[in-house]
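# A closer look at the structure
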Amino acid sequence: MAIDRIIFGAGCFWGVEAVFSKPLQYAAMKFKSGMVVKMERINDRSFRQDISVSKDDSFFFDCVDLDGISNDAPAHISIRPREDSFPRLSILSPDADAVAALSESIAVNYEASDDFGLNRLDLKWRKKQEASFNRKTVKRYAKGILEHSGVFEWMLSEYPFSPGDIIEYSFELFDNDVVSGPKSFESRLYALEIADFNKEHELIEKELSRWRDEALELAAEQAGVMRDTSRLDPQ
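Each helix and strand in the protein was counted, giving 1 helix and 17 strands. For the protein, the residues scored as buried account for 34% of the 235 residues in total. Long-range contacts, defined as pairs at least 24 residues apart, comprise 65% of the intrachain contacts of the protein with a sequence gap of at least 6. Element-wise, carbon and sulfur atoms account for 52% of the exposed surface of the protein, whose accessible area totals about 15100 Å².

This next bit is on the pairing of strand β3 (residues 24-31). Pairing of β3 with strand β7 (residues 57-65), which is carried by 7 bridges, proceeds in the antiparallel orientation. Counterpart to A28 in the pairing with β7 is D62. Sheet analysis places β3 next to strand β4 (residues 36-38), joined by 3 bridges and oriented antiparallel. Across the sheet, K30 pairs through a bridge with V36, a residue of β4. Counted between consecutive antiparallel strands, the loop separating β3 from β4 contains 4 residues, among which G34 sits at a positive phi close to 110 degrees.

A separate point is the environment of D115. Considering the arrangement of structural elements, one finds D115 in the loop between β11 (105-113) and β12 (118-127). Since its relative accessible area comes to 24%, D115 is described here as partly exposed. Placed 61 residues apart in sequence, D115 and N176 show a C-alpha to C-alpha distance of 9.5 Å. At a separation of 3.1 Å, a polar atom in the side chain of D115 contacts the main-chain amide nitrogen of S85.

This part takes up the side chain of E172. Here E172 shows up in strand β15 (residues 166-175). Of note is the side chain of E172, whose polar atom sits 3.0 Å from the side chain of R135. Separated by 2.8 Å, the side chains of E172 and S184 make a polar contact. Here E172 is in contact with R120, L121, D122, K124, R135, S184, F185 and E186, once residues within four sequence places are set aside.

Before going further, it helps to spend a moment on the sheet that holds β11. On the basis of which strands lie adjacent, the open sheet formed by 3 strands has the order β9-β11-β14 and antiparallel pairing. If you trace the sheet from one side to the other, it starts and ends with β9 (88-93) and β14 (147-155), each paired once. Averaged over all pairs of adjacent strands, the angle between strand axes in this sheet comes to 25 degrees, irrespective of strand direction. Summarising the sheet, β11 and β14 pair through 9 bridges and their orientation is antiparallel. By the bridge assignment for β14, S113 is matched with E147.

Parameters at a glance
Each residue is numbered by its place in its chain's sequence as written, counting from 1. This being a predicted model, a pLDDT of at least 70 is required before a residue's local features are given, and a value of 80 or more before pairs of side-chain atoms are given or counted; all residues contribute to the totals for chains, interfaces and linings. Water and hydrogen atoms play no part in the side-chain values, which are based on all heavy atoms of the structure. Runs of H or I in DSSP of at least four residues are treated as helices and runs of E of at least two as strands, each being numbered from the N terminus. Throughout this description, buried means an accessible area under 20% of the type-specific maximum (1.4 Å probe, protein chains only), exposed means over 50%, and partly exposed covers the range between. Every residue pair with non-hydrogen atoms within 4.5 Å of one another is taken to be in contact. Per-residue and other accessible areas follow the Shrake-Rupley method at a 1.4 Å probe size, with only the shown protein chains counted as cover for residues. When DSSP finds two or more bridges between a pair of strands, those strands are recorded as paired. Counted as a polar contact is a pair of N or O atoms within 3.5 Å, where, for protein atoms, one must be capable of donating a hydrogen and the other of accepting one, and residues adjacent in sequence contribute only when both atoms are in side chains. Throughout, an axis means a line fitted to C-alpha atoms (over the contacting stretch in the case of helices), and angles, computed between N-to-C directions, take values from 0 to 180 degrees.

This is a description of form; function is not addressed.
Here is the structure:
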């Protein structure tokens, strides 16, 4: 099948393998930009080469057979580097604000992808009253990983949190673009309240005390009504 156009990621290396109709002594790729890349021999009729191009160009196969005859009307193939897109990150759960005890672990389920390759996933967090965010890398990727579904186990006790703190946090995903520079995508901001059981106990005690006071007042009112009723009774 003949190919007249190739689209690929800018800066990526892509392998070209060509099979010719007759044995050759030489084969190369000649580009409109002036670059000439000699191809490696696989066998008499097959040649290959890895190349990287960062801008639009075109090339043709310059080949010479065993009799020294070259192709006089080669087909030209255009190539177009595709611009790198921003990485994509989806926080699947918990996808809402939450309350958790300091002793708990939160399982954050996520999906990450990028057309160029994933680099790392960072957790960004700060206490609500703080101005700047802290950052910790929670996942690093090997070269060439384009998609990943994972779980980050967030051990709250390993962070400088205290009961009653409200933590604002997000996740930021970076790609592996070494040509135009790394790009990133950040999730929305979430809120996490660290449960304060002492405070909750105090609130419960206050509610119980209020309930006892109201119950005593109600009992006293009922007793007064019964005394008044007995005075009115002629017997």
